[in-house]
Amino acid sequence: MKRFYKNAGIAESGDNFVVQLDGRSIKTKSKVTLEVPSAALAEIIAEEWNAQGEEVDPTSMPIMTLANTTVDRVVPSHTEIADMLAEYGGNDLLCYRAEPTQEELVRKQQDQWNPWIDWAMRELDAPLKVTTGIMHVEQDEKAVSALAKLVHATTAFELTALHEFTTMSGSLVLGLAVLREELAAAEALKLGLLDELHQAELWGEDFEAQDRREKYHREMTQAEIFLKALRA
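Structure report, in brief.

Thresholds, definitions, all that
- Residues numbered from 1 in each chain as written.
- Predicted model: local features only at pLDDT ≥ 70, side-chain atom pairs only at ≥ 80, totals over all residues.
- Heavy atoms only, no water.
- Helix = DSSP H or I, 4+ residues; strand = E, 2+ residues; numbered from the N terminus.
- Contact = heavy atoms within 4.5 Å.
- Polar contact = N/O pair within 3.5 Å; in protein donor to acceptor, adjacent residues only side chain to side chain.
- Buried < 20%, exposed > 50% of the residue type's maximum accessible area, 1.4 Å probe, protein only.
- Pairing = 2+ DSSP bridges.
- Phe/Tyr/Trp six-rings, centres within 6.5 Å; stacked < 30°, edge-to-face > 60°.

All right, on to the environment of His78 then. Residue position: His78 is located in helix H3 (residues 78-86). Taking the C-alpha atoms as reference, His78 lies 21 Å from Ser169; in sequence the two are 91 residues apart. Ignoring sequence-local partners within four residues, the contact set of His78 consists of Val151, His152, Thr154, Thr155, Ala156 and Leu159. A polar contact is formed between the side chain of His78 and the backbone oxygen of Thr154, at a distance of 2.8 Å.

See the structure below:
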């Protein structure tokens, strides 16, 4: 659509902040006023609007998209989304290791994944079992419950970011590490794609896979910006 406003700015709305186009608060697709918890987050969204040219391109406003998703989808479905993410705890990527014949990959997994398995036990009270191959390993209920409790304790805006971190890395442990700012989003993605990157080293690059990884990297980075602005 054509640009229909001159300037975007922010204003307070109780304890929250709104983004305004020529003084009028923007609304989500569900026609709800978009309110965010921090001035920093509202400022970034306003900057996305101000950066538009003669045409408004919503795909060039990723932070606004995340905020809209939070208000329209995560707020009314927090419990259901948290339940879905918590299921990653019972099947965490970091728990499934390569067969012993893949010595180099096994070594990489041990070196790069074991520290986060240890971190989950130490910091999240979630001791997870590690297995070889893809056969499901039943995790202790205590560990799964501890992870689920952490997911359900997030705010709607945090849950939006955690959803991105977890689904793209394939690991709830890594997702929670990024959420707690113990791990950078880009590094979490590299850890989550460890097997794929190892195969690319051995057999050469798949350009479709490379494009997908670049897309994930952009989206993970955007979610990290979203999270840090939320807490600023």
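Examined against the element boundaries, Thr154 turns out to sit in the loop between helix H5 (141-152) and helix H6 (156-169). For Thr154, a relative accessible area of 7% translates into the label buried. Within the structure, the side chain of Thr154 is placed 2.7 Å from the backbone oxygen of Val151, a separation counted as a polar contact. Among all residues touching Thr154, those that are not within four sequence positions of it are His78, Leu159, Leu162 and Leu179.

Let us now look at the pairing of strand E1 (residues 8-13). Here E1 runs beside strand E2 (residues 16-21); their pairing, made up of six bridges, is antiparallel. Residue Ala8 lies in a different strand from E2, and its bridge partner there is Leu21. The loop that links E1 with its antiparallel partner E2 comprises two residues; one of these, Gly14, has a positive phi angle of about 65°.

With that settled, consider the packing of aromatic side chains. In this structure the tally under the stated criterion is four aromatic pairs. For the pair Trp116 and Trp119, a centre-to-centre distance of 5.5 Å together with 70° between the ring planes defines the contact as edge-to-face. Remark: Trp119 and Trp116 occur in helix H4 (residues 103-123); sequence separation between them is three residues, near one turn of the helix. Grouping residues by exposure puts Trp116 and Trp119 together as buried. Centre to centre, the rings of Phe157 and Phe226 are 6.0 Å apart; their planes meet at 20°, and the pair counts as stacked. Here Phe157 is found in helix H6, whereas its partner Phe226 is found in helix H10 (residues 207-231), with 69 residues between them in sequence. Residue Phe157 is classed as buried on the basis of its relative accessible area, which comes to 10%. An aromatic cluster is defined as three or more aromatic residues linked by ring pairs; in this entry it consists of Phe4, Tyr5 and Trp49.

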